[in-house]
Amino acid sequence: MAKVLVLKSSIMGDQSQTSRLVDVFLQERAEKGLQDEVIIRDLAALNLPVLDAEIFQALRSAENVAAPIQKIIQLSDELIAELKATDLLVIGAPMYNLNVPTQLKNWFDLVARARHTFRYTETYPQGLVEEVKAIVMTSRGGIHLGQVTDAVTPYLQSVLGLMGIHDVNFVYAEGLDMPALRTDALKAAQQKAQQVAI
């Protein structure tokens, strides 16, 4: 039985195409007989704190911090423990203004933490999150894959890699705001989501 951590970061609720792709993926795994232990985190509903100087310093050295900041450190510890305990990380990451949603960035700002999910060496940071694979469902209004306008793919590859997660598979739904492409794009993305559900 695999432990699956799902991060839904869309602000669109039930209208989210990335969340629907995530659901297709999970349903396909269930239909294939995979008995996953699934934790779903709706990051828009969690309302995670935005990184500022006080939080940043506390995450580096949680000494002599005020009670509200200490609660944020505890939250960071919990999110990191949850990530390290999982086998498969599933991320719903729609493209907003060419990048990931703020809600997802806030999660990474609490989880990508020196001495906890990565450590510095003399040459390059070393990830401390081991044996975790990732699947990313990402929807876009236009066509961005392979273009300089796609900041989502390299950012997620980099920040996941920083923590030691290098086995990352992407499912793209592009051109969703383009009427001539939308239907076929959604169908192709759903088929891809089913294919990677193994």
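Bear in mind that the values here come from a model prediction, so they are computed numbers and not experimental data.

Help me get a handle on unusual backbone geometry, residues and values and all.
The phi dihedral of Asn 47 falls on the positive side, at around 55°, and the residue is not glycine. Structurally, the position occupied by Asn 47 is in the loop between helix 2 (43-46) and helix 3 (53-60). In this structure Asn 47 comes out as exposed when scored by relative accessible area, which is 63%. The backbone of Leu 98 shows a phi angle near 75°, a positive value even though the residue is not glycine. Relative to the elements of secondary structure, Leu 98 occurs in the loop between strand 3 (88-92) and helix 5 (102-111).

Describe the packing of helix 1 (residues 17-31) against helix 7 (residues 179-195), listing the residues and the values that go with them.
Running from N to C, helix 1 and helix 7 point in directions that differ by 35°, and their axes come no closer than 8 Å. Every pair of crossing elements has a handedness; the one defined by helix 1 and helix 7 is right-handed. Between helix 1 and helix 7, the residues in contact are Gln 17, Leu 21, Val 24, Phe 25 and Glu 28 and Arg 182, Leu 186, Ala 189, Gln 190, Ala 193 and Gln 194, respectively. Considering only residue class, the contact of helix 1 with helix 7 consists of 6 nonpolar, 3 polar and 2 charged.

Tell me about helix 6 (residues 152-162), and name the residues and values.
Of the residues making up helix 6, those classed as buried are Val 152, Thr 153, Leu 156, Val 159, Leu 160 and Gly 161. Summarising the contacts, the buried residues of helix 6 are in contact with strand 3, helix 5, strand 6 (133-139) and strand 7 (168-173). The positive-phi residue at the C-terminal boundary of helix 6 is Gly 164, with phi of around 105°.

What counts and how
- Residues numbered from 1 in each chain as written.
- Predicted model: local features only at pLDDT ≥ 70, side-chain atom pairs only at ≥ 80, totals over all residues.
- Heavy atoms only, no water.
- Helix = DSSP H or I, 4+ residues; strand = E, 2+ residues; numbered from the N terminus.
- Buried < 20%, exposed > 50% of the residue type's maximum accessible area, 1.4 Å probe, protein only.
- Axes fitted to C-alpha atoms, helices over the stretch in contact; angles between N-to-C directions.
- Left-handed = near helix turned anticlockwise from the far one by under 90°.
- Contact = heavy atoms within 4.5 Å.
- Nonpolar A, V, L, I, M, F, W, Y, C, P; charged D, E, K, R; others polar.

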